[in-house]
Each structure stands twice: as structure tokens, then as C-alpha cells.
There are 2 protein chains.
Amino acid sequence: METEVYDFRYPVKGAYVWRPYGVKIRRLVESYIRFVHDETGHQEVLFPVFIPYEFLAKESEHIRGFESEVFWVSKGGASEERLVLRPTSETAMMPMFKLWIKDHTDLPFKAYQIVSVFRAETKATRPMIRLREISMFKEAHTAHADREDAEKQVREAVEIYRKIFDYLSVPYLISQRPEWDKFAGAVYTIAFDTVMPDGKTMQIGTVHYLGTNFSRVFDVKYLTPNGDWEYVHTTSYGISERVIAAMIAIHGDDKGLALPPNVAPIQVVIVPIMYKGSEEAILRETKAIQEELIASSVRVKVDDRIDRTPGWKYNYWEMMGVPLRIEIGPKDIENRQVVLARRDTLEKYVVPRNELIESVRELLRRINDDLRESSWSYLRSMTTKATTIEEAKRRLDEGGVVEVPWSGDNDCGMRIQQLLDADALGKPMDEDATREVGGLRDLACNDKQANYWLRVSRRY
Amino acid sequence: METEVYDFRYPVKGAYVWRPYGVKIRRLVESYIRFVHDETGHQEVLFPVFIPYEFLAKESEHIRGFESEVFWVSKGGASEERLVLRPTSETAMMPMFKLWIKDHTDLPFKAYQIVSVFRAETKATRPMIRLREISMFKEAHTAHADREDAEKQVREAVEIYRKIFDYLSVPYLISQRPEWDKFAGAVYTIAFDTVMPDGKTMQIGTVHYLGTNFSRVFDVKYLTPNGDWEYVHTTSYGISERVIAAMIAIHGDDKGLALPPNVAPIQVVIVPIMYKGSEEAILRETKAIQEELIASSVRVKVDDRIDRTPGWKYNYWEMMGVPLRIEIGPKDIENRQVVLARRDTLEKYVVPRNELIESVRELLRRINDDLRESSWSYLRSMTTKATTIEEAKRRLDEGGVVEVPWSGDNDCGMRIQQLLDADALGKPMDEDATREVGGLRDLACNDKQANYWLRVSRRY
């Protein structure tokens, strides 16, 4: 199955090959990512992959976080210039922001790019998930006049990511990462995690408020209306092909992929069922339906291979995750009807020929929604609360996310991680997650009043 | 001017930043490149940037050509795995071709990708032209059953590149590179060169027939209908952001860019000319025209900034290369007319309001054509023949391309280069360049009969 999307056999650890069908999925995902960034006033840029080491090292927390996993570049073995491959582009962008931003009329400044970034992973690599070349890294970098405007941007970024994940029918938890796990160089980090079919969580997006940490060391200032020079406040936020990995893993089943119509390269496959004597009528009907669907902007493919049976084709296109199949046989032409089959539920419908386009549109919309809803109800079913260590452990062993009472104290939080042998995702930030903790005690430090829930899970 | 497209000030040699307006131009160019590759049955793939050095080194001519300009990658200074950054992807693709190609029904196999490639340039770097990170490298790689089919592919690739350069209104010469300047690992190389405004030539595309040079060392075989195993014959062909550099350099003038409408991010800018009392009518008319143009799929922008004069805006959008400007003042509304101004010729037209859309479409088409024609007549004017060394030298000193009689012998060809202090582009392969050399002698080796013209120029 996956080999049509992504080939695991490339001879370098943590580096894989996107095959044509996979590239088409990517392009559709990228194009939606561009759309939401463009419509919110982000400008697309393209920066070099090389960053001088001195720039990467300017912000002390940042380099501490990335030092161990940075790739160095040299010519013929000799490193003259001390270049690294970008692990993320804050330190590539800042010197240019310094040139581009002059005064308050240049703010806010919102840029993004979709590029490869590189991490010399020491952990075991994993296709599309833990890579040494992350090849679809969308990183946005913004600069603002003050903290207030930068935090407004953080909220906009969260809304942008909600929109992208909703479009892909991928459910998420939004958490403020604990201090000990925020982005290297950030004031704070808000992260999106999804729950994978094995019950582990996977981080699929992060949004960072960087304060003036980077603008100070790169000296990026602007002239205020009063004539003062002030440091800009910056943010950055990123997502990667992990969203595609999540989408594939969450919706797929043992028959193969089940792609949301929004990003399915082929939304409808037509399988003509040829019977002796009616071939011509069937091919004519197939062609007519194909053209109507194209005219309605549906991505359609006709599978008219003569050396394969209809049954073989059904299996093949189910494996490829095509959301809808249209079957056309002699009886259907006779009865002026069409048979539609959904990939996600495997349900079949017989619809009158003259309602076909309407039915297809309606079903494609419904499949997007149903995939979204079923994945959300899975995620909700995997998220529970626990107020004792035993209960929390049991839940974690069953898979999923557990919320436990937490004082907010870092030492106590790290102790909770240890006690539960799991990772803290942080404080819930979802709208519906601002719930009272009233009267509970911190799970690890029983002498402390719990002010928050702390989300804990085993993770990728 | 260029800083709105491309910023030269990034702090790494030979690496530059594409700014939003430049990214938009790129996206339009890339999308046409994808279109012509897709419509000719090429499949888009995406390979990792890392290539194991042993793979790069398998084909002996190939590594000899690339060894000196390859970037090495290491972690924390220690090179464990001997990885390099791809300078081109033949040696990344071949191991996967070996897995994907089983028998003759898998052939021809045609893949392409648009990616960054890396060359540790020793020569002086030059923005968009001589880069250490070539960030818009479109490379196609194909495999075929035999030489005949592979050479058919070479011809298809030549047609694809003609189409792309024509679309960008960039003129070209097509030459078969001499033996001593073919691609490292190729049987032969066909190259596209354009003539830049300073009279030097620049290579903008190459097509290589690779024979079985790569398939032998990577053991890429297919099963023939007879049940034999045969090596595939491969080709590869590439273009890069040099086509954008050429397009910008060739059509621009001292007022700034002059973009072909085909790839202009803004094809029409509307400048409302506000007069007291008629503001409302003018903005209404502006809005109406904008909507009509959008409905006709024209990329349009309204410049209604109130702190800039119309004259300032004219200059600004001329600098940005917007092909057409629409001016709307009170008199135009009164007379039910619109003023159109062409960027390329600076001509102005007054057209009746009810013919506007038609006129805009017609003018956009004509600007594409006129830019193409004027650049072709420049290229032709810069291409001459010479039969003596003195004449050839004089022509070269004036700038441009000189064709001189050549026997086809490599030593003689290299001697011609030396005598003329210029580079041989090779034998003309353009359709209209298959002309008789009848009776002439090789320019360097007078004892030899000339069989060909050899194109010679100073080049980038």
C-alpha cells in the first residue's frame, strides 16, 4: 500500500522517496496550506538551506537545543566556512528581517516558506514521522511591534492550524508545552498533538511566542511613531509531513488508505463493467459521466483496463484510498441509474442518473465530515482524566491521553512524568478544555494545590 | 528593483533569498514546467537530498566530473556515513529505478522533480546564475528499452524545453556540446544557450543521453518480451532558476523589470486617478473593472494608495514589470473609455469601455509575442558566421555567438577555443541550423575539411 505513496527503501537512514501518488497528495495539502497562509496576509519567501554556524549559535537557548542534532556541511572534507543545514530558520530569517524592517509601518511582518529542514536524529528514524530530512516543513516567522500583537498572532496561528487539520480530518489536542519541553529559544510553545491508532500521541504542529529573544541577539529594531527604537517581538510556527502521516494512519484500515476527498488526488474512480454486446453503450456512458464530473471540478479517473476484473479494480482503488467509486454496468444504463460505493464505510448506493452529480458532491462532502467526526470521536474516547497514579497508569497502558491534576510547578510536573513513565504534553489550551480543577491536589506533590490539568501520554 | 524579487544580501556566499514577488514569479514558472511534464507523461517524485558517496562514485566519469564540487555532510564534525548533498540525482534515482522497473511493460519510465541541488562552486558566484544552492532545479530522469526509444525521449525533452522557453519569451540556441564539455557520465549532451544583454551566452537547459552508463553500474535491467534481461537506456535533462534570470535580464530595461504576461504575478495594475468630487464614481468604476478582469482570469491589482501620486505609481509598477496598466480618471468615465499603457513599449491606448476586456486579453497576448519576437531578433542579430580567425575574434569582441568551420575533431575544436579565447557551445542542432559547410576548412586545422559549424562564444 504505502509504497505507492512513499518508498521506505532509499539507502540512507531517515530519508525516503515520495512516489507520484504521494506527491499528488502532498501538492493538494501544500496548496491548502498556502491558501490559508496567503489569505491571512502571510507572504511566501524562500531562504537558503545553509546557515552560518555563528548565526545558529547567537541565541544561547536555541543552539543548546539544536547543537546535538545539527548537520554540518563542508567541501571536500574541509570545513572552511562553518555552515550548517537549517534545522529551522529563525536564525536565517532574522538577519534579513533586520534589513527589511525599518519602522512601525513595516509591522506586522508575516513570512512563511515550505522547505526541507534537517535534523541529525539520534533516535530511531521512522518513515514520514522521524526524519533526518523533513521535506515538507512549513515554517512561518512573524515580527510585531509588541507582545500584545505577537500574542494575537499566536492565536491566529492556532486558528490557521485548526483549519488545516480540520481540512485533513485530523483531530488534535492543543496544549501549552511545559517549560522543560518548549521550543529552544521560545518564551512559550503551544502544540497540537493527535492520537495515533496505537494510542500514542504525535506532535503535528507547534506555535512559539519568541518574545525579543531573537530580535535582541540579531538587533532587529523598528522605529516607533514616537521616534524610539524598539526590538520587535517575534513568533514562529511549523507543521510538516507528519500531518500527512497522521491523516494516513488515522483513516486507513486493513484494506489500505482512506483519503479525505479534500486532498484525494482521485476523488472518484469510475469502473465500467463490460458485458459482451453492451461495451459501446457502457463506454459512452462512462465517458459522459467522466466529462460531467470534470465540468463539476471533481478529480475523476476512469479505470478501463481490459486485463483486470472489476473485483480486482475495486480492491486496488480501495487500497489507494479513493473516496468514491462509480460502477457502470448494462443494468444501470437500462435503469438510468448509477451505483456509488464509499471507501470509508464501504456502503453502496444506487442513485438515479440525473441526480448523479449532486449525489457525488454531497457524498464527497459527507465523507470529509464523517472522517473528521469519526476521528474526533476516537480522539475523545482516548482522552480521559485520572486523579490517582494507579488509575493514570492503567489508562496510559490502555493507550491514549490522561489528564491529571497539576500544580503548575516544573519539578512536580517532571516528577509526574517519571511516576507515570510517560511524557507531559502540557496544559490543555483547547477551547472546551478550560475546565475547573477545583479542590484537587498535584498528582506528584500532594502538598500542593492543583491549578491545572496536565496532559500526559506516551508519544512518538 | 531586484530586491523585490531576490535579495542578494544573505550572509552565505552563493545563496540568496527569494522575496514574495519573486516567489510568485517562480510559482507561475514552476506550474508551467509541471504542466508540460505532466502532459507528456512524466510523473512527479521527490527524492532525498542526501546521497551516499559510494553511489555518487559508482559511475567513474560522473564522479570525476562532480568530485571537486561536492558538499559533504557530517554530524558534529564527524563523518560516519559519508553522505553528500545531491549535485544532481542520477545516482539517487538509479537504486530506486532498480526496484521499480521489472519488465518491458514498466518502460518507458519517466520521472521528474523540482528541488534544490548543491555545487561547491569554486568560481565567483553570481545571483540566480552561479549558485551553491540551485533552488529551482527541475530534473527529469527516464529509462527506456533501447537506444532508439531513449533518443526519441531526448527529442521530446528538446521539444519540452522549447515550449517552456517560448512560454517565457526566452530565445535560445540548441547545440550538441562537444565531447570535452558534455555532462559527466553522458554519451552526449544537447544544450540550450541564450544570449544575455552583454553578449555573453548562458546555458539554460541541458538534455543528456546516458546510454547504459548508469544502468550498468547500478544493475538496472528489465525483462524483455523474449525473456532476456537487458540494461535500460537512460536520459536526464534539467533546467533551473537560470531561466528566470535570463527572462529578467533579457526583457528588463533601465526602468526595471518587464515580465511576460504568462508569468507576471500581476498582469494588469489599475491606477485610479482621483479628482475632488469624482472619487466615488472613479472607485466604483475601478471596482467594476477589477471584477470583470478577475472574472476573465486576469491577475489584477488595484493601487488605491492615497499617499502616492499617480506618477509615482506608474514608475513603481513599471519597475515591477507589470505588463499592462489601466488608468481611470474623471474624463475616462465621462467618455466611457479607458486608458491602457504597455510596460514593454510604453505605448498608450485609449479603448472604449465596452471593449476593455477584449483589448486587455489581446494586448496581453501581444506582449507575450512581442517580447518573444524582439528577444529572438536580438539573439539572431548576435549570431554570425566567420571563416577566418581575425573575423571570428572581432565578432566575439563585439559580443555574441560566432559559428566557425570545424572538422568535428576534438583536438581541432579545443584549438579553436584557444585561438579565439572563447568557449565552444558545440554543433548547431536547431532545425534551421542544419546548413551546408561546403568546401570550407577547419578553422584551427587547415589541413582538415570542415564538416560542421562550431558555435563559439564567451559565456557565463
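Placed above this text is the structure.
Quick summary incoming for the structure in this document. Given the structure is predicted, the values throughout are model-derived calculations rather than measurements.

A closer look at the overall build of chain A
Item 1. Secondary structure summary: chain A contains 13 helices and 23 strands in total.
Item 2. Expressed as lengths along the three principal axes of its C-alpha atoms, the size of chain A is roughly 80 × 55 × 50 Å.
Item 3. Split into buried and exposed, the 460 residues of chain A put 59% on the buried side.
Item 4. In chain A, the share of contacts with a sequence separation of at least 24, taken over all contacts with a separation of at least 6, comes to 70%.
Item 5. Surface exposure of chain A reaches about 18800 Å², of which carbon and sulfur atoms provide 47%.
Item 6. When the 65 positive and 72 negative side-chain charges of chain A are each reduced to one mean point, those points stand 3 Å apart.

Regarding a negative patch on the surface
Item 1. Together, A:Asp146, A:Glu148, A:Asp228 and A:Glu230 make up a negatively charged patch on the protein surface.
Item 2. In this structure A:Glu230 comes out as partly exposed when scored by relative accessible area, which is 38%.

Thoughts on unusual backbone geometry
Item 1. Put simply, A:Leu107 and A:Pro108 share a cis peptide bond, and its omega is -10 degrees.
Item 2. Backbone geometry places A:Arg336, a non-glycine residue, at a positive phi of 50 degrees.
Item 3. According to the relative accessible area criterion, A:Arg336 is exposed, its value standing at 57%.
Item 4. With phi around 65 degrees, B:Leu346 is a residue other than glycine that occupies positive phi space.

Some thoughts on the relation of the copies chain A and chain B
The operation relating the two chain copies consists of a rotation about an axis and a shift along that axis.
Item 1. In the superposition of chain A on chain B (RMSD 0.0 Å, axial shift 0.0 Å), the rotation amounts to 180 degrees. Both copies of the chain, as the preceding transformation shows, are related through a two-fold rotation axis. Considering only C-alpha atoms, the part of chain A nearest the rotation axis is A:Val73, at 2.4 Å.
Item 2. With an isologous cut-off of 70% or more, the 100% of interface residues of chain A that recur at the interface of chain B puts this contact in the isologous class.

Observations regarding the state of the cysteines
All names here are of chain A.
Item 1. Going through the model one piece at a time under the given rule, you end up with 2 disulfides over all chains.
Item 2. Residue Cys 412 pairs covalently with Cys 445 via a disulfide, S to S 2.2 Å. Here the disulfide of Cys 412 and Cys 445 is left-handed, its torsion about the S-S bond being about -120 degrees. Taken together, the residues span a long stretch of sequence, with Cys 412 in helix H13 (residues 410-420) and Cys 445 in the loop between strand S22 (423-428) and strand S23 (452-457) at a distance of 33 residues.

As for the nonpolar core
Item 1. A:Ile164, A:Phe165, A:Ile244, B:Ile164, B:Phe165 and B:Ile244 are the most contacted members of the largest nonpolar core, which totals 140 residues.
Item 2. Apart from the residues lying within four places of it in its own chain, the contact partners of A:Phe165 are A:Val170, A:Tyr172, A:Phe192, A:Ile204, A:Gly205, A:Ile239 and A:Val243.
Item 3. Counting 86 residues, the second largest nonpolar core, distinct from the first, contains A:Ala143, B:Phe50, B:Ile101 and B:Ala111.

Things to note about the side chain of B:His42
Residue and element names in this part refer to chain B.
Item 1. Following the sequence through the fold, His 42 ends up in the loop between helix H1 (20-39) and strand S3 (43-44).
Item 2. A polar atom in the side chain of His 42 sits 2.6 Å from the side chain of Tyr 237.
Item 3. Sequence-distant contacts of His 42, that is, excluding residues within four places in its chain, are made with His 37, Lys 110, Tyr 112, Ala 140, Gln 153, Glu 156, Ile 160 and Tyr 237.

Digging into the pattern of salt bridges
Item 1. Summed over the entire model, instances satisfying the criterion amount to 82 salt bridges over all chains.
Item 2. Its salt-bridge partner being A:Arg162, residue A:Glu159 comes within 3.2 Å of it at the nearest N-O pair. Taken together, the residues span about one helical turn, with A:Glu159 and A:Arg162 both in helix H5 (residues 147-167) at a distance of 3 residues.
Item 3. Using a relative accessible area of 15% as the deciding quantity, one classes A:Arg162 as buried.
Item 4. Among the ionic pairs, B:Arg177 bridges to B:Asp181, the shortest N-O distance being 3.7 Å.
Item 5. Taking the relative accessible area as the measure of exposure, B:Arg177 reaches 4% and is therefore buried.
Item 6. One continuous salt-bridge network, built from bridges that share partners, spans A:Arg26, A:Arg27, A:Glu30, B:Arg34 and B:Glu44.

The rules behind each value
- Numbers given for residues are sequential positions, taken from 1 along each chain in its written order.
- Throughout, the order in which chains and ligands are written sets their labels, letters from A for the former and numbers from 1 for the latter.
- Given that this is a predicted model, residues contribute local features only at a pLDDT of at least 70 and side-chain atom pairs are listed and counted only at 80 or more, while totals for whole chains, interfaces and linings are drawn from all residues.
- With hydrogens and water excluded, all non-hydrogen atoms of the structure serve as input to the side-chain values.
- Going along the chain from the N terminus, every DSSP run of H or I of four or more residues is numbered as a helix, and every run of E of two or more is numbered as a strand.
- Only protein chains enter the accessibility calculation, which uses a 1.4 Å probe. A residue is then buried if its area is under 20% of the maximum for its type, exposed if over 50%, and partly exposed in between.
- Only heavy atoms enter the contact rule, under which two residues are in contact if any of them lie within 4.5 Å.
- In this description, accessible areas are obtained by the Shrake-Rupley approach with a 1.4 Å probe, and a residue is regarded as covered only by the protein chains that are shown.
- Positive charges come from Lys and Arg, negative ones from Asp and Glu, while His and the chain ends are left out of the count.
- For charged residues, the charge sits on one atom: NZ in Lys, CZ in Arg, CG in Asp, CD in Glu.
- Surface patches are drawn from residues lacking salt bridges whose relative accessible area is over 30%; two like charges belong together within 9 Å, two nonpolar side chains (Val, Leu, Ile, Met, Phe, Trp, Tyr) within 5 Å.
- Salt bridge, as used here: a side-chain nitrogen of Lys or Arg that lies within 4 Å of a carboxyl oxygen of Asp or Glu.
- Copies overlap after least-squares fitting; the atoms used are the C-alpha atoms of residues with pLDDT of at least 70 in both.
- By convention in this document, the label disulfide applies to cysteine sulfur atom pairs within 2.5 Å.
- Throughout this description, the term nonpolar core refers to a set of buried Ala, Val, Leu, Ile, Met, Phe, Trp, Tyr and Cys residues connected via side-chain atoms within 4.5 Å.
- Pairing of N or O atoms within 3.5 Å defines a polar contact, subject to two protein rules: one partner must be a possible hydrogen donor and the other a possible acceptor, and residues neighboring in sequence count only if both atoms are side-chain atoms.

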